[in-house]
Amino acid sequence: YTRGTVTAFSPFDARADAEALRKAMKGMGTDEETILKTLTSRNNAQRQEIASAFKTLFGRDLVDDLKSELTGKFETLMVSLMRPTYLFDAHALKHAIKGAGTNEKVLTEILASRTPAEVQNIKQVYLKEYEANLEDKITGETSGHFQRLLVVLLQANRDPDGGVDERLVEQDAQVLFRAGELKWGTDEEKFITILGTRSVSHLRRVFDKYMTISGFQIEETIDRETSGDLEKLLLAVVKCIRSVPAYFAETLYYSMKGAGTDDDTLIRVMVSRSEIDLLDIRQEFRKNFAKSLHQMIQKDTSGDYRKALLLLCGGDDE
């Protein structure tokens, strides 16, 4: 069961696809249309089979060929589609913490939105692929309360969903109220512990109770009481507890809104959610932003890059 826009293509023939891609890239000029149509209509597992058939038939690396034939954002999108699913998040995190300056936006987006099982998996893949401990890498590049909340999320020990104890809901809501609105200076630690470890269903009740007690949405308090990277991470965690698809709809909206497009974010979200919940994200987008994701991509991008993104988007929600 999936709410993705990209599913397994049938009837699938990896060799035929590999041959079509080789033909599209061979000789003078490149047939981008064939490349983008093929790669956006096969799921990730099938793309891996195509890459393997490509190597068997031609002794060439499909990703290397794509890199040498394509350019710019379109190239980035096609290469991202070719990255094995299990590697996608670990790779994104590795690049977010490498070299000069850390990309806090990527750390926030991935660690706030992935399930505990997904986070455990990311840590294992990271260790195996990069022979490094993800937590060590992240603590080496971040600091303060932002770092602490990332470490809590990296433990992937959020309580499993179960029956909700109203007494504990009341207690947590009161603790957050006292740590934020009622305190001169904020007790960030309380926010970090509660938002980082309680179950999703428990926290949804806590947010309702918090509103009753304080008269504020928890997001408003976080906005007023914290700042910088910590604020962005706390808000992302709260939004993902409320609804992961709504969080990604908003992420996509802001990647395109205003002057200039944050293409890295647009590509990362479209590719990473295409087989998971992009249909739900589209629904939330339509509901919250009075236009469809399709319309916004159409308006904000161009060329083969746009064609490929629209195919991944998979339809317009009038």
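Residues numbered from 1 in each chain as written. Predicted model: local features only at pLDDT ≥ 70, side-chain atom pairs only at ≥ 80, totals over all residues. Heavy atoms only, no water.

J.: Describe the side chain of aspartate 277, and please don't skip the residues or the numbers.
T.: Here aspartate 277 is to be found in the loop between α17 (263-273) and α18 (278-289). Residue contacts for aspartate 277: discarding those within four places in its chain leaves Arg3, Gly4, Val244 and Pro245. (Helix = DSSP H or I, 4+ residues; strand = E, 2+ residues; numbered from the N terminus. Contact = heavy atoms within 4.5 Å.)

J.: Please provide a residue-by-residue account of the environment of cysteine 240, values included.
T.: Among the structural elements, cysteine 240 can be located in helix α15 (residues 228-242). When sequence neighbours within four positions are dropped, the list of residues in contact with cysteine 240 reads Ala112, Ser113 and Tyr247.

J.: Before we move on, could you go through the nonpolar core and cite the residues and values that matter?
T.: In terms of nonpolar packing, the biggest core is built from 95 residues, with Ile35, Leu62, Leu77, Met78, Leu195, Met270 and Leu293 touching the most fellow members. Ignoring anything within four residues of it in the chain, the contact list for isoleucine 35 reads Leu21, Ala24, Met25, Thr30, Leu66, Leu70 and Met78. (Core = buried A, V, L, I, M, F, W, Y, C linked by side-chain atoms within 4.5 Å. Buried < 20%, exposed > 50% of the residue type's maximum accessible area, 1.4 Å probe, protein only.)

J.: Quick rundown of the environment of isoleucine 110? Include the residues and the values.
T.: Note that isoleucine 110 resides in helix α7 (residues 104-113). Given a relative accessible area of 0%, isoleucine 110 falls into the buried group. Here the alpha-carbon distance between isoleucine 110 and aspartate 89, two residues 21 residues apart in the chain, equals 7.2 Å. Those residues in contact with isoleucine 110 that sit more than four places away from it in its chain are Asp89, Ala92, Leu93 and Ile122.

J.: So what's going on with helix α1 (residues 14-25)? Which residues, and what values?
T.: Here α1 is 12 residues long and its end C-alpha atoms lie 17 Å apart, about the 16 Å a rise of 1.5 Å per residue gives. Every buried residue of α1 is listed here: Ala14, Asp17, Ala18, Leu21, Arg22, Ala24 and Met25. The arc that holds every buried residue of α1, seen down its axis, measures 160 degrees, which confines them to one face. Considering only its buried residues, α1 is in contact with α2 (32-41), α3 (44-58) and α4 (62-69). (Expected span 1.5 Å × (residues − 1). Arc of directions from axis to C-beta.)

J.: Account for the packing of α7 against helix α16 (residues 244-256), naming residues and giving values.
T.: With their axes 11 Å apart at the nearest point, α7 and α16 run at an angle of 165 degrees to one another. When the axes of α7 and α16 are compared, the pair comes out roughly antiparallel. The handedness of the crossing between α7 and α16 is left-handed. In contact with Thr108, Glu109 and Ser113 of α7, α16 contributes Val244, Tyr247, Phe248 and Thr251. Of the residues belonging to the contact of α7 with α16, the class tally is 3 nonpolar, 3 polar and 1 charged. (Axes fitted to C-alpha atoms, helices over the stretch in contact; angles between N-to-C directions. Parallel < 35°, antiparallel > 145°, perpendicular 65-115°, else oblique. Left-handed = near helix turned anticlockwise from the far one by under 90°. Nonpolar A, V, L, I, M, F, W, Y, C, P; charged D, E, K, R; others polar.)

J.: Which residues make up the domain arrangement of the chain, and what values go with them?
T.: Looking at the assigned domains, one finds that the chain contains domain 1 (14-85), domain 2 (88-155), domain 3 (166-242) and domain 4 (245-313). On a C-alpha basis, the centroid separation for the pair domain 1 and domain 3 is 46 Å. (Domains from an automatic or database assignment.)

J.: How would you summarise the packing of aromatic side chains if you had to cite specific residues and measurements?
T.: Each pair of aromatic rings is reported with the distance of its centres and the angle of its planes. Counted under the stated rule, the structure contains 8 aromatic pairs. An aromatic cluster is present here, built from Tyr253, Tyr254, Phe285 and Phe289 joined pairwise through their rings. For the cation-ring pair, lysine 94 lies above tyrosine 130, with the distance from its terminal atom to the ring centre recorded as 5.1 Å. The cationic tip of arginine 224 hangs over the ring face of phenylalanine 216; the distance from NZ or CZ to the ring centre is 4.3 Å. (Phe/Tyr/Trp six-rings, centres within 6.5 Å; stacked < 30°, edge-to-face > 60°. Lys NZ or Arg CZ within 6 Å of the ring centre and 35° of its normal.)

J.: For the pattern of salt bridges, give the residues involved together with the corresponding values.
T.: All chains considered together, the criterion is met by 23 salt bridges. Where aspartate 263 meets lysine 73, a salt bridge forms, and the shortest distance between an N and an O atom there is 3.9 Å. In this pair, aspartate 263 sits in helix α17 while lysine 73 sits in helix α5 (residues 72-82), placing the two residues 190 residues apart along the sequence. Measuring nitrogen to oxygen at the nearest pair gives 2.7 Å for the salt bridge that ties glutamate 219 to arginine 242. Of this pair, glutamate 219 sits in helix α14 (residues 218-225) while arginine 242 sits in helix α15, placing them 23 residues apart in sequence. Taking relative accessible area as the criterion, glutamate 219 reaches 18% and is therefore assigned buried. (Salt bridge = Lys/Arg side-chain N within 4 Å of Asp/Glu carboxyl O.)

J.: Describe the environment of lysine 105, with residues and values.
T.: Checked against the element boundaries, lysine 105 lands in helix α7. Accessibility expressed as a relative area gives 48% for lysine 105, which makes it partly exposed. Along the backbone, lysine 105 and asparagine 133 are 28 residues apart, and their C-alpha atoms lie at a distance of 20 Å. Setting aside chain neighbours within four positions, we find lysine 105 in contact with Asp262 and Thr265.

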